[in-house]
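Structure assessment
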Amino acid sequence: MPFDRIVIRRPDDWHVHLRDGAMLKAVLPFTARQFGRAIVMPNLKPPVTTTADADAYRGRILAALPDGVSFTPLMTAYLTDGTDAGDLARGFADGVFAAAKLYPANATTNSAHGVTDIARIAPVLERMAEIGMPLLIHGEVTDQSVDIFDREAVFIDSILAPLLERHPTLRVVLEHVTTSEAVQFVRAHAASGRIGATITAHHLLINRSHIFQGGIRPHLYCLPIAKRETHRVALVEAATSGDGPFFLGTDTAPHTVTAKEAACGCAGCFTAANALEVYAEAFEDAGALDKLEAFASLNGPRFYNLPVSEERVVLERRPSVAPDLILVSEGDAVLPFRSGETLRWSFGGTV
Ligand code: OTD
Ligand code: ZN
Ligand code: ZN
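The chain has the name Dihydroorotase in an unreviewed UniProt entry, where Azospirillum picis is given as its organism. Database annotation for the chain, UniProt heading Subunit (unreviewed entry): "Homodimer." The UniProt entry for the chain carries the following text under Function (unreviewed entry): "Catalyzes the reversible cyclization of carbamoyl aspartate to dihydroorotate."

1. What to know about the nonpolar core
Counting 88 residues, the largest nonpolar core has Leu-135 and Leu-160 as the members making the most contacts within it. With 7 residues, the single largest contributor to this core is helix α10 (residues 275–285). When neighbours within four sequence positions are excluded, Leu-160 is seen to be in contact with Ile-137, Phe-155, Val-172, Leu-174 and Phe-185. Met-41, Leu-74, Ala-98 and Ala-99 belong to the second-largest nonpolar core, a separate cluster that totals 13 residues.

2. Section: the coordination of the zinc ion (ligand 2)
In a perfect tetrahedron of four donors around a metal, the angles come out at 109.5 degrees. In a perfect octahedron of six, they are 90 or 180 degrees. Ligation of the zinc ion (ligand 2) by protein atoms is provided by His-138 (ND1) and His-176 (NE2), these donors lying 2.0 to 2.1 Å from the ion. What the 4 donor atoms of the zinc ion (ligand 2) show is an angle range of 57 to 146 degrees at the metal, which sorts the shape as irregular. Between the two metals, the zinc ion (ligand 2) and the zinc ion (ligand 3), the spacing is 4.0 Å. Separated by 38 residues along the polypeptide, His-138 in the loop between β6 (135–137) and α5 (151–166) and His-176 in the loop between β7 (172–174) and α6 (180–188) bring together distant segments of the chain.

3. Describing the environment of Asp-243
One can find Asp-243 in the loop between α8 (229–241) and β9 (246–248). On the basis of relative accessible area, Asp-243 is assigned to the partly exposed category, the value being 32%. It is 9.2 Å that separates the C-alpha atoms of Asp-243 and Arg-187, two residues lying 56 residues apart in sequence. Apart from residues no more than four positions distant in its own chain, Asp-243 is found in contact with Arg-187 and Asn-299.

4. Observations regarding the coordination of the zinc ion (ligand 3)
Protein coordination at the zinc ion (ligand 3): the donors are His-15 (NE2), His-17 (NE2) and Asp-251 (OD), at 2.0 Å from the metal. For the zinc ion (ligand 3), the 4 donor atoms are set out with angles of 93 to 120 degrees between them, so the coordination reads as tetrahedral. Mapped onto the polypeptide sequence, the residues donating to the zinc ion (ligand 3) form the spacing pattern H-x1-H-x233-D.

5. Quick notes on the UniProt feature "binding site: Zn(2+) 2" (unreviewed entry) in the chain
In the numbering used here, UniProt assigns the feature "binding site: Zn(2+) 2" (unreviewed entry) to Lys-101, His-138 and His-176. For the residues just named, distributed over 76 residues, the greatest C-alpha separation is only 12.7 Å, placing them together at one site. Considering only the annotated residues already named, the ones lining the largest cavity are Lys-101, His-138 and His-176. Mapped onto the elements of the fold, Lys-101 is located in strand β5 (residues 97–102). Overall, the relative accessible area of 0% leaves Lys-101 in the buried class. In this view, Lys-101 contacts His-15, Met-41, Pro-42, Ala-77, Tyr-78, Leu-79, Leu-136, Ile-137, His-138 and Glu-175; residues no more than four positions away in its chain are not counted. Under the relative-accessibility criterion, His-176 is labelled buried at 1%.

Conventions and cut-offs
Residues numbered from 1 in each chain as written. Chains lettered and ligands numbered in written order. Predicted model: local features only at pLDDT ≥ 70, side-chain atom pairs only at ≥ 80, totals over all residues. Heavy atoms only, no water. UniProt positions renumbered as here; feature names shortened; annotations may be inferred. Core = buried A, V, L, I, M, F, W, Y, C linked by side-chain atoms within 4.5 Å. Buried < 20%, exposed > 50% of the residue type's maximum accessible area, 1.4 Å probe, protein only. Helix = DSSP H or I, 4+ residues; strand = E, 2+ residues; numbered from the N terminus. Contact = heavy atoms within 4.5 Å. Donors = N, O, S within 2.8 Å, 3.2 Å for Na, K, Ca; no water. Tetrahedral: all angles 85-135°; square planar, octahedral: opposite > 155°, others 65-115°. 1 Å grid on protein atoms, 1.4 Å probe; cavity = no way out; pocket = protein on both sides within 12 Å on 5 of 7 lines; lining within 4 Å.

In structure tokens form, the structure reads like this:
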């Protein structure tokens, strides 16, 4: 029986929200247990906009790591209308920044300081193209008159396609893709080698109907919102193809239960507690466990020009129960994705 035990190079997570303070302390051990490196999102309050901010934040992350755990946070800059291209380039040259993140203003959680018009940051993007600094994009239009399920596809046509034409050498990652249009777009530009896309575990497993199954499920609400089944199938095809542009990014985005289970609940799924187990289910269901290593451990480092990991991790086919509530502080906890459910795979640590 093949694949009762899978050993792969230690994966990296190319899109995480680690937060700060007590939340950082509570969630970081889960990411650092499975992943060797992670691209850390800068949407703190206030956001991480300068090299100095990122350097300080990296220090807080390293200080919050449990003893004896090896983990490298890769920092990102939050682009604003006022980003200083010189500071960004210095931060990249000094190895503080791995990439810069474009949030269209108000597109997602803590994005109010994001870019109001991409034309305003053209000189910054020019500079990033020159130095080979990747631009990571939250690809949704913010026009509230566009249907929430269409915002990614409209962004691709109206903003991303012209952006790539204006900046023909800029390297771009379309983050957390959720549509077949995104998959097609990335494939159409794959030959250039300058476009990548991250795919979350939850978007491989749920479609939009799951958010309303038997009632409203606030813990399955995230942005970009899950789309209909045909899109989920396209994402599974892309992730399990093993093709270079597609790599693992959980977009684990913890919020307290109080903030999620509210009249106006926050967006975000916390998947760090069982990320690899859940990805393994999606790959197994697609009959593609042999492609998990390319997606989780090889394609990302290649895109970011980093060495692949020399460590190995093991996944075993034996049931594991997704963790229950994770305490953040007195009276505040985070509920993991698929909490309490039995998963088919168990994470066996590094070997
Ligand atoms: N999506 N929640 C968050 C970020 C992401 O767009 C994202 O990257 C968050 O809470 O920071 C979410 O639903
Ligand atoms: Zn995003
Ligand atoms: Zn995110």
